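Geometric and topological summary
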Amino acid sequence: MKTRSLRRARTHRLLLPALLLLPASLLAEPLTLRHAVELALQHANGAAIAAADEQHASASYRELHNNYLPQVVAGSGLGYSYGFPLSLQGSAPSIFNINAQSALFHPELRDFIHAAQSESAAATFHSKDQRNQIIQDTVLSYAELEKWERRLDRLHEIYPDVQKMQAAVADRVKEGIDSQLDGTRARLSEARVRLRIAEAQGSADVLREHLSKLTGIPAASIQTETDSLPAFPTASTDDDAPKQAADNSPAVKSAVEHARAQYLRAQGEHHSSLPTFDFAAQYALLSTFNNYQNYYIPAKECTVSIGTFLCPAGTFQRNNATIGVSIRIPIFNSSQRSRAEAADADALKAKKQADAARNQVSEETLRLQRAVTQMQAAHDVAELEYEIAQKNVEAVETRMKSATANLHDLDNANTQSSEKLIALQDITFELERTQVALLRATGNLETWALGTR
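Residues numbered from 1 in each chain as written. Predicted model: local features only at pLDDT ≥ 70, side-chain atom pairs only at ≥ 80, totals over all residues. Heavy atoms only, no water.

Next up on the list: the sheet that holds strand β1 (residues 71-75). If you walk across this open sheet you meet the 4 strands as β1-β2-β3-β8, and the pairing is antiparallel. In the strand order of this sheet, the two ends are held by β1 and β8 (319-328), each with one partner. In this sheet, adjacent strand axes meet at a mean angle of 10 degrees when their direction is disregarded. Pairing geometry for strand β3 (residues 276-285) and β8, over 10 bridges, is antiparallel. Paired with Phe-279 across the strands is Val-325, a residue of β8. (Pairing = 2+ DSSP bridges. Helix = DSSP H or I, 4+ residues; strand = E, 2+ residues; numbered from the N terminus. Axes fitted to C-alpha atoms, helices over the stretch in contact; angles between N-to-C directions.)

A grouping of Leu-104, Phe-105, Phe-277, Val-325, Ile-327, Ile-329, Ile-331 and Phe-332 is seen on the molecular surface, where their side chains present a nonpolar patch of about 880 Å² in accessible area. Of all the secondary-structure elements, those providing two or more residues to the nonpolar patch are β2 (96-105) and β8. The topology assignment puts Leu-104 in strand β2. Classification of Leu-104 by relative accessible area gives partly exposed; the value is 47%. (Patch = residues over 30% accessible without salt bridge, like charges linked within 9 Å, V, L, I, M, F, W, Y side chains within 5 Å. Areas by Shrake-Rupley, 256 points an atom, 1.4 Å probe, with all protein chains shown as cover. Salt bridge = Lys/Arg side-chain N within 4 Å of Asp/Glu carboxyl O. Buried < 20%, exposed > 50% of the residue type's maximum accessible area, 1.4 Å probe, protein only.)

This part covers the packing of aromatic side chains. The final tally for this structure, using the stated rule, is 3 aromatic pairs. On the numbers, 4.7 Å between centres and 20 degrees between planes, the contact of Phe-232 with Trp-448 is stacked. One end of the pair, Phe-232, is in the loop between α6 (180-215) and α7 (241-248); the other, Trp-448, is in helix α12 (residues 445-450), with 216 residues separating them in the sequence. In this structure Trp-448 comes out as buried when scored by relative accessible area, which is 9%. Sitting above the plane of the Trp-148 ring, Lys-147 keeps its charged end 4.4 Å from the centroid. (Phe/Tyr/Trp six-rings, centres within 6.5 Å; stacked < 30°, edge-to-face > 60°. Lys NZ or Arg CZ within 6 Å of the ring centre and 35° of its normal.)

Here the focus is the layout of surface pockets. Space inside the largest pocket adds up to approximately 470 Å³. Around the largest pocket sit 23 residues that line it, and Ile-158, Val-162, Asn-414, Thr-415 and Ser-418 are the ones nearest its centre. Taken together, the elements giving at least two residues each to the lining of the largest pocket come down to α5 (107-174), α6, α10 (334-401) and α11 (407-441). For the lining of the largest pocket, the element with the most residues is α11, which contributes 8 residues. A volume near 370 Å³ is recorded for the second largest pocket. Around the second largest pocket, the lining comprises 17 residues; the ones closest to its centre are Ser-249, Ala-251, Val-361, Glu-364 and Arg-440. At the level of elements, α5, α8 (250-271), α10 and α11 are the ones that each hand at least two residues to the lining of the second largest pocket. Looking at the lining of the second largest pocket element by element, the count peaks at 6 residues for α10. (1 Å grid on protein atoms, 1.4 Å probe; cavity = no way out; pocket = protein on both sides within 12 Å on 5 of 7 lines; lining within 4 Å. Points joined across faces, edges and corners; volume = space filled by probe spheres on them.)

What follows is about the pairing of β2. The sheet contact formed by β1 and β2 spans 5 bridges and is antiparallel. Note on β2: the bridge partner recorded for Ala-74 is Ile-98. Relative to β3, β2 runs antiparallel, the two sharing 9 bridges. Across the sheet, residue Asn-97 finds its bridge partner in β3, namely Ala-284.

What follows is the structure in structure tokens.
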């Protein structure tokens, strides 16, 4: 019993270092595409920036709207007076004062508030467009990483055979069976595989680092799950799809709302030449040490006559209050007129930009529709070429058994098969890239990636 316990403890001591030395990707659970997208929407910097812009636009709207609420300020204007008590920053010296002010009727303020509402809506649409951008970036990075991982697995699988082939040709060169040129070609085949491995490993490392920044997961623990990409829907060939994509595009809607906001701002600048009405109120507790009593008769010296409290003009009163409406009527302001003309130009520019965005989305959707059809045909061609290359390898192996083919024929067949497989993988990824872009253009990307309805 004691011997078995010692043997078990020795086994644990040997296994623990081995587990610690394993690559992190082997110990980590595969990361599904859906989980990667969910994490990216939570951790990506673009999402936080868009949320901050949306919050800023909403706060700007509330700032303008709150001008209709009284703004109350309390304070004091203490100071020494020599002679007649002059004002301190526009107010009489006082122990305590309180001021209240709010807008009552401002035509330009109403337009600016509506413009801020449109900007807030534009920020919301921009946030949705940024969300789609994050999903697209995550999906494409994930799909490309999966491509390089599959390629690495394939290259690591064939590399030992390539090394054996190169060693066998080298022996045949020493024996005088093959020429020096044959030996160089064999070394070239082995070098090409090493180049492919280095290329695939480097690309995979870069994509893992990018996904790590998007998802917040350590790069070393990111491992894709095979076949985790959902099946792509059949590409629509409807001629109305470009128009529908332009109508539903968050980027276009954001541009349209921004153009509307610029138009409303221009209206507000023009309405700034109209009269305005403001509510205003003020209370002040005056002091007895600022010489007021030297220039105004104190209230205690007022007399009572026939039951009426009579005070001569200029009576000093410590408690003072004013409430009323401030009316402003602009008469001449050439600077404001120029500002309104500049706002008109900005509104026209924003409208043209919105039209350009609509046209761009419509044209891009049509291009993507046609590109998907073309890439599907190219994918079929690449798949058939790889199938033929595989059958050629099998045929060469059969011929070698009957001594009608040699090692060089097999090496050439394997090289062509590997090149056709790489071409098929590249075409497959380009097709996926185009399909993802089309899903984003038609507004179906998030539904496809997250499986939401």
